[in-house]
There are 2 protein chains.
Amino acid sequence: MKEFFKVTDLKSVLEYSSAFPRVETEDIPLDESFGRILAVSIDADVDLPDFMRSTMDGYAVRASATFGASEANPAYLTIKGAVPMGESPGFSIGSGEAATISTGGMLPEGADSVVMIEHTEAIDRTTIEVYRSVAPGQHILEKGEDIPKGAVLVPDGKRLRPQETGLLAAFGTKTATVYKKPVVGIISTGDEIVSIHKTPAPGEIRDLNMYTLSGLVRKAGAVPVPFGIVRDDFDDLFKTCTTALAQTDMVLISGGSSVGTRDFTIDVLSALPESDIFVHGISISPGKPTILAKSRDLAIWGLPGQVTSTMVVFEIVVKPFIEHISGLSQINEKNFKLSARLSRNIASAQGRTEFIRVRLNHKDGILWADPILGKSGLINTMVNADGLIEIGLNTEGLDKGTEVEVIPL
Amino acid sequence: MKEFFKVTDLKSVLEYSSAFPRVETEDIPLDESFGRILAVSIDADVDLPDFMRSTMDGYAVRASATFGASEANPAYLTIKGAVPMGESPGFSIGSGEAATISTGGMLPEGADSVVMIEHTEAIDRTTIEVYRSVAPGQHILEKGEDIPKGAVLVPDGKRLRPQETGLLAAFGTKTATVYKKPVVGIISTGDEIVSIHKTPAPGEIRDLNMYTLSGLVRKAGAVPVPFGIVRDDFDDLFKTCTTALAQTDMVLISGGSSVGTRDFTIDVLSALPESDIFVHGISISPGKPTILAKSRDLAIWGLPGQVTSTMVVFEIVVKPFIEHISGLSQINEKNFKLSARLSRNIASAQGRTEFIRVRLNHKDGILWADPILGKSGLINTMVNADGLIEIGLNTEGLDKGTEVEVIPL
């Protein structure tokens, strides 16, 4: 028996991500920026709002004029005018005066608060009764109350959600400098693999890994580029890897990293320019026969051929590398995992980190994680799964009822 | 004081979604199908795998020939040949025979299991020792074991994840019939609103709602189409609504649904062809002044002008309508919410469903939801928020430590 792998533990594998540089940046129109990662932080160049704004329909007043006002003892104010929407009022008010104002209107000089229309009554065209007192600052936004001038609007490394895009729009940002979407090349290997456009002969299967990996790459915010199916041949794989590395920011090879006739993948990766084999085997299950190499500045992966193993390795190992080169800052990105309770005991071998597919079910107000049975290579186990749970390196198993974190699939 | 709204409760509002038909379908190439919603369920036309396949590198054998084998008492088998990858073996094996096989290889006639290479030793070119017994079916996939012929591969109404795309690829699906992405028109209203390309004059603010709403529409899997800013004018709004309805599957009007000078929105919606006002006010906070109308077959919404209210209404109310017309089946779509503990008491008015912005923090192994303070209209409260929590219609508030479900933002 040969020892094929000097396995690396998961934590150490993930630390290699810092060896790879981030992708370049580009300027894009703000309305295309949703989901993109900001490369240069943007500061507030003015106050938001830039003027004192009403948050209610009613009357702009000087608060002190309403102190003590009640239904029994209303305050009487003179209407000085109406604030037109979207314009400077063009007049100021004194202590006994009020101005009609709508939500979003600009307070006239002299006003410090707004009385809601529901707490007033118009006596005639120029006089109102006020039934409640307001405090200075009530029902208004102060200048700069939302965002003061000079504050950081959005830090670099943040993935833009609709609210960040809206905030940038409020400050007139027309274009945003974001990281380019990493381009990820995908190569399938194996003499038994045929295009999905062919009917497989006996012994052949269709190239589903190309499709699962493309979907996973897209889901991670990157752009998949297929480089087709390569037969089990050193020269062909070397040539395709070279082509892919020249056109992309990362390369995934599916199949070809298991022991047996196909372990020349490691020879191909070793022969690439300025090559370094970082990882040959990871102490995770599924996914042990995974290779990580560096050629010049780029990561190139040998992934297990089995579709389910490849998917797990992608989620757990490859995705953090894509996020790293995408410019995503881990400080800004919060990944909160679902918590559920295990519905049955699971045994696990020590010395490796194990990922178990689970299906989630609500029952009696509790979210249960049901481990999915069946051979690990079956794609139906991934189709039936809602997520993965992790069983640690030094854990022999988990008991029914244990609280587990679920990585969504 | 006027009663402006006959408010509808949230549950009743959501039930109106069934009044709107689903969008049309289209055929797209499988590699563009990630994230799309399948419109016609797809069945397995063959077994997967279509032949008995090895899941290990080793020897294909008849299991009974290995029964009782151990290190001390190995079984001796004659190598009949090697299974070429991607081909039918072209030979069969008898009881005392074995065939070299790689992971993914097709078992020869007569074999029912695979012995792992690690449990064997080659004596010479034609003989192996086997040190462990295998059971029939071990280390192989039976024909149809992953997916049997005739099974439903993916049901209609399911959003395609990478694993579903891969499964369809395995069956040679070249194109998938999916629902079109709904096209959602967005109209901004208000005399104080200016394009983000302009420097606002005093009293004016930039049209950030167009950007937050566009982002939210994209996030919901639909296509936003901006119809610009309409001044507070019946004829202009009527004309723009008519244009938008002719080109889209749903229309959102932001601003114009609050009380005050701008309540002619309801008049415009009432005047549209075959119009029906379903909802004029919802018993939620924020978001009470929301209008839902139907014109012919399409939903048209009057959303609050305040950006934070609009975002909450979109997440809670509008999104389920977009998902409905997108063809998404609620049976297939699982939405598991994060669970967290409230970090402080929150008071709430009865008679309305309240949505509170929260920031999530891990502390002492517990996920805490910290309610975000500050005036509700401030966009910074949305930028700082990780999610929303709901306080029910008949709840006066929630105590510190209460387990709450978090709707991610």
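Residues numbered from 1 in each chain as written. Chains lettered and ligands numbered in written order. Predicted model: local features only at pLDDT ≥ 70, side-chain atom pairs only at ≥ 80, totals over all residues. Heavy atoms only, no water.

## Looking at the environment of B:Met52
Residues and elements named next belong to chain B.
- Within the element layout of this structure, Met-52 appears in the loop between strand 2 (42-43) and strand 3 (53-54).
- Its relative accessible area of 25% is what places Met-52 among the partly exposed residues.
- Residues Met-52 and Met-250 lie 198 residues apart in sequence; the distance between their C-alpha atoms is 51 Å.
- Among residues more than four places away in sequence, those in contact with Met-52 are Gly-105, Met-106, Leu-107, Ala-111, Asp-112, Ile-140, Leu-141, Glu-142 and Lys-143. (Helix = DSSP H or I, 4+ residues; strand = E, 2+ residues; numbered from the N terminus. Buried < 20%, exposed > 50% of the residue type's maximum accessible area, 1.4 Å probe, protein only. Contact = heavy atoms within 4.5 Å.)

## Some thoughts on the domain arrangement of chain A
- You can read the domains of chain A as domain 1 (10-23 + 180-325), domain 2 (29-47 + 148-179), domain 3 (53-141) and domain 4 (338-408).
- When each unit is reduced to the centre of its C-alpha atoms, the spacing between domain 1 of chain A and domain 3 of chain A is 67 Å. (Domains from an automatic or database assignment.)

## Overview of the pattern of salt bridges
- Taken as a whole and assessed by the stated rule, the structure comprises 30 salt bridges over all chains.
- We note a salt bridge from B:Lys143 to B:Asp50, for which the minimum N-O separation is 3.4 Å. Here B:Lys143, found in the loop between strand 10 (140-141) and strand 11 (152-154), pairs with B:Asp50, found in the loop between strand 2 and strand 3; they are 93 residues apart in sequence, far enough to count as distant.
- On the accessibility criterion, B:Asp50 (43% relative accessible area) is partly exposed.
- A cluster of three or more residues bridged by salt bridges with shared partners is formed by A:Asp47, A:Asp50 and A:Lys143. (Salt bridge = Lys/Arg side-chain N within 4 Å of Asp/Glu carboxyl O.)

## Side note on unusual backbone geometry
- With omega at -10 degrees, the peptide bond leading from B:Leu48 into B:Pro49 counts as cis.
- Within the secondary structure, B:Pro49 is located in the loop between strand 2 and strand 3.
- The backbone of A:Arg296 shows a phi angle near 50 degrees, a positive value even though the residue is not glycine.
- Here A:Arg296 shows up in the loop between strand 20 (291-295) and strand 21 (298-303).

## Remarks on the interface of chain A and chain B
- Across the contact, 78 residues belong to chain A and 78 residues belong to chain B.
- For the pair chain A and chain B, the two sides together bury roughly 7,000 Å², of which 61% comes from carbon and sulfur.
- Our count for the chain A to chain B interface comes out at two salt bridges.
- Where B:Glu145 meets A:Lys375, a salt bridge forms, and the shortest distance between an N and an O atom there is 3.2 Å.
- Summed over the shared surface of chain A and chain B, the result is 25 residue pairs in polar contact (both at pLDDT 80 or more).
- For the side of chain A that touches chain B, the secondary-structure elements that each account for two or more residues are strand 10 (140-141), helix 2 (162-170), strand 15 (205-206), helix 3 (209-219), strand 24 (353-363) and helix 7 (379-383) of chain A.
- Counting residues per element, the side of chain A that touches chain B draws most heavily on helix 2 of chain A, at eight residues.
- Considering only residue class, the side of chain A that touches chain B consists of 33 nonpolar, 22 polar and 23 charged. (Buried area = accessible area lost by both parts, 1.4 Å probe. Polar contact = N/O pair within 3.5 Å; in protein donor to acceptor, adjacent residues only side chain to side chain. Nonpolar A, V, L, I, M, F, W, Y, C, P; charged D, E, K, R; others polar.)

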